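What the coordinates show
The lines below spell out each chain.
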Amino acid sequence: MVVSSRERTWALCPDFDLTYLAGAFDLTGALLSPDEGWIAFIAYDVSRSEYGQYIARSDGNELRPLYASFYNEVCIGEAAWSPDSQHFVFARYQDGETTLWLARPNSDSVTLFTHFESEACPRRLGWSADGRYIGISNDIVPGYDRKHRYIVSWPSGNLTRLPLDEFPDCEWSPDGNWLACVNSDLAAVYSIADDERIDLVMAQVNKLEWSPGGRWLAFSTDKEPFNRDEDEGIYIFDLVTGESIQIANERAEALAWSPVCE
């Protein structure tokens, strides 16, 4: 089996019997570590009727199972690497509880990092760029867009629930101090340190992008804020001044910052 990323290709499971694997294994959720040295993935073993979390070097060597699930586990597969590639965290849900498990690429041990009561599956797991927080969201009701959103402090494991239930998607700022969140009707930013939420626009945001230093957030709307009958817009929000500036009356297909902007 091969996985391609960033114009490079890695061979996985070189020691497995490929005849056995054909039709017996289903690989999903492959994640490359930031240093490109490791890859983690989920595989379903039909013969055992269980999912497993695996890790391997990106050249296909040192394949190791980290975790096997049980038949009554509802969902698996949410995972994230730490920015320094030294830790790997993955989430599970079973019997009304979400658990976060911690592994290191050079170790076979897997430890329980934290756990909390929840109603449904964890859906998004992301490590902040500065390494201080792990963000996770859980379905309130299976298949429903509203989610309970949490952050877990690293390495203490302290859990904090955020007032962002109506947002299915959030993105960390580069410095790890803010989250930018969107849904079909609203965009907002949330300060982790100040526990403060700032609503930006009442419109459908189709693109957003943090500046390299995290001071500015660029976003594009399908309609002008507060007026669904007007044109789309491209905006820049300044976290220092708290102001949004419209720079174009059109919808952006892509947003990208120059590294010299800050």
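Quick note: structure is the one above.
What counts as what
- Residues numbered from 1 in each chain as written.
- Predicted model: local features only at pLDDT ≥ 70, side-chain atom pairs only at ≥ 80, totals over all residues.
- Heavy atoms only, no water.
- Helix = DSSP H or I, 4+ residues; strand = E, 2+ residues; numbered from the N terminus.
- Buried < 20%, exposed > 50% of the residue type's maximum accessible area, 1.4 Å probe, protein only.
- Contact = heavy atoms within 4.5 Å.
- Areas by Shrake-Rupley, 256 points an atom, 1.4 Å probe, with all protein chains shown as cover.
- 1 Å grid on protein atoms, 1.4 Å probe; cavity = no way out; pocket = protein on both sides within 12 Å on 5 of 7 lines; lining within 4 Å.
- Points joined across faces, edges and corners; volume = space filled by probe spheres on them.
- Nonpolar A, V, L, I, M, F, W, Y, C, P; charged D, E, K, R; others polar.
- Pairing = 2+ DSSP bridges.
- Axes fitted to C-alpha atoms, helices over the stretch in contact; angles between N-to-C directions.
- Phe/Tyr/Trp six-rings, centres within 6.5 Å; stacked < 30°, edge-to-face > 60°.
- Disulfide = S-S within 2.5 Å.
- Core = buried A, V, L, I, M, F, W, Y, C linked by side-chain atoms within 4.5 Å.
- Salt bridge = Lys/Arg side-chain N within 4 Å of Asp/Glu carboxyl O.

Describing the overall build of the chain
Helix and strand counts for the chain stand at one helix and 22 strands. Taken over 262 residues, the chain has a buried fraction of 46%. Within the chain, counting contacts between residues at least 6 apart in sequence, those at least 24 apart form 35% of the total. Total accessible area on the chain stands at roughly 13,300 Å², and carbon and sulfur atoms take up 48% of it.

Section: the layout of surface pockets
When its volume is computed, the largest pocket comes out at roughly 190 Å³. Among the secondary structure elements, those contributing two or more residues to the lining of the largest pocket are β11 (122-127), β12 (133-139), β13 (147-153) and β15 (169-172). Residues of the lining of the largest pocket, tallied by class, amount to eight nonpolar, two polar and three charged.

Details of the sheet that holds strand β20 (residues 216-221)
In space, the four strands of this open sheet follow the order β19-β20-β21-β22, with antiparallel pairing throughout. Strand pairing shows two members of the sheet lacking a second neighbour, β19 (205-210) and β22 (243-248), which therefore form its edges. Across the sheet, the mean angle separating the axes of adjacent strands is 25 degrees when strand polarity is ignored. As paired elements, β19 and β20 share five bridges and run antiparallel to each other.

Section: the packing of aromatic side chains
Aromatic ring pairs are reported here in terms of the distance separating the ring centres and the angle at which the planes meet. One pass over the full model with this rule turns up nine aromatic pairs. Between W127 and W154, the ring centres sit 5.2 Å apart and the planes meet at 70 degrees, which makes this aromatic pair edge-to-face. One end of the pair, W127, is in strand β11; the other, W154, is in the loop between β13 and β14 (159-162), and 27 residues separate them in sequence. Cluster of aromatic residues (ring-pair linked, three or more members): W81, F88 and F90.

Some details on the state of the cysteines
Inspection of every chain in the model, using the stated rule, returns one disulfide. Linked covalently through their sulfurs, C170 and C181 form a disulfide whose S-S length is 2.0 Å. With the S-S bond torsion at 110 degrees, the cross-link from C170 to C181 turns out right-handed. With C170 in strand β15 and C181 in strand β16 (residues 178-182), this residue pair connects regions lying 11 residues apart in the sequence.

With respect to the environment of I39
Among the secondary structure elements, I39 is positioned in strand β4 (residues 38-45). Here I39 falls in the buried class, since its relative accessible area comes to 3%. As for I39 and R57, which are separated by 18 residues in sequence, their C-alpha atoms are 6.1 Å apart.

Overview of the nonpolar core
Ranked by size, the top nonpolar core spans 15 residues in total, and within it V189, L200, W210, L217, F219 and F237 carry the most contacts. Residue assignment for this core shows that the elements contributing at least two residues are β16, β17 (187-191), β18 (196-201), β19, β20 and β21 (233-238). Per element, the largest residue contribution to this core is three residues, and it comes from β16. Every residue in contact with W210, bar those within four places of it in the chain, is listed here: E171, W172, S173, P174, W178, L179, A180, V189, W216, L217, L239 and W257.

Remarks on the pattern of salt bridges
All told, the structure shown has 10 salt bridges when counted by the stated rule. A salt bridge links R64 to E62, with the shortest nitrogen-to-oxygen separation between them at 3.8 Å. A network of salt bridges, in which partner residues are shared, links R57, E62, R64 and D108.

Take it as geometry only, folks, not as evidence of what the structure does.
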